[in-house]
Amino acid sequence: MSHMSLHPSSSSAISAAAPPRWAVWAAHLTTLVVLPSGLWRIAMVLGYPGGYTETGFGPFETFGAKTWMLTLSVLSELVAFLTIGLVRPWGEVVPHWMPLIGGRRVRPMAVVVSAALGAAALTVIWANIPWWWTYPHEDMTPTGNLVVGILYQPLVLWGPLTAAVTFSYYRRHRAARRGPAR
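Quick summary incoming for the structure in this document. (Residues numbered from 1 in each chain as written. Predicted model: local features only at pLDDT ≥ 70, side-chain atom pairs only at ≥ 80, totals over all residues. Heavy atoms only, no water.)

### Considering the layout of surface pockets
Taken as a whole, the largest pocket holds about 600 Å³ of empty space. In this structure, the largest pocket is lined by 25 residues; those nearest its centre are Leu 82, Gly 85, Leu 86, Trp 90 and Val 111. Of all the secondary structure elements, the ones that give two or more residues to the lining of the largest pocket are helix H3 (63–82), helix H4 (108–126) and helix H6 (158–178). At 7 residues, H4 tops the list of elements feeding residues into the lining of the largest pocket. (1 Å grid on protein atoms, 1.4 Å probe; cavity = no way out; pocket = protein on both sides within 12 Å on 5 of 7 lines; lining within 4 Å. Points joined across faces, edges and corners; volume = space filled by probe spheres on them. Helix = DSSP H or I, 4+ residues; strand = E, 2+ residues; numbered from the N terminus.)

### Details of empty space enclosed by the protein
Summed over all chains, the structure comprises 1 cavity of 30 Å³ or more. Lining of the largest cavity is provided by Val 34, Ser 37, Arg 41, Ser 76, Trp 126, Leu 155 and Trp 158. Broken down by element, the residue count for the lining of the largest cavity peaks at 3 residues, all from helix H1 (residues 21–45). Looking at the lining of the largest cavity, its residues break down into 4 nonpolar, 2 polar and 1 charged. (Nonpolar A, V, L, I, M, F, W, Y, C, P; charged D, E, K, R; others polar.)

### Focus on the packing of H1 against H3
Where H1 meets H3, the axes come as close as 9 Å, and the angle between the chain directions of the two elements is 165 degrees. Comparing the axis directions of H1 and H3 gives the class roughly antiparallel. For H1 against H3, the interelement crossing comes out left-handed. Each of Thr 30, Thr 31, Val 34, Leu 35, Gly 38, Arg 41, Ile 42, Met 44 and Val 45 in H1 lies in contact with H3, whose residues at this interface are Lys 66, Met 69, Leu 70, Leu 72, Ser 73, Ser 76, Glu 77, Ala 80 and Phe 81. Classifying every residue of the contact of H1 with H3 gives 10 nonpolar, 5 polar and 3 charged. (Axes fitted to C-alpha atoms, helices over the stretch in contact; angles between N-to-C directions. Parallel < 35°, antiparallel > 145°, perpendicular 65-115°, else oblique. Left-handed = near helix turned anticlockwise from the far one by under 90°. Contact = heavy atoms within 4.5 Å.)

Shown next as structure tokens:
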């Protein structure tokens, strides 16, 4: 049964069909494409030069730079994790443990618009990564330049994966609003 009540007492809350397997894989893959660059930044926070020359690494040794790199890594992973909500029940109803809004039904179009804008932004932000090696990186060692380029390449997939999962979410929820096919 593809349409069912999320809560026995809430007959107006209609669940969408289960997400296709490819969408579940794509949603989980978003957390993995962000991981290599995040781990690289965390290694730099811990004092590893991450492929930079001694002079090039200097600016990353400040408290502010370390705070920024750690924050960016954690936030990137959390944002990627939100994509999983597009294929899980908490993408339809806010988990009950969340203060103030727990248990409330999620508005599908608010999710779709937010996720689509995020997917577009991520696609634009990371679109130049395939050309990493064509840009000068004088502050990196040749090996560091190669490794960092490889670690950042998966980010080019983040936006398109999010867009695909968002489209799947949209289609499933549009069908749920229409009701069962006649």
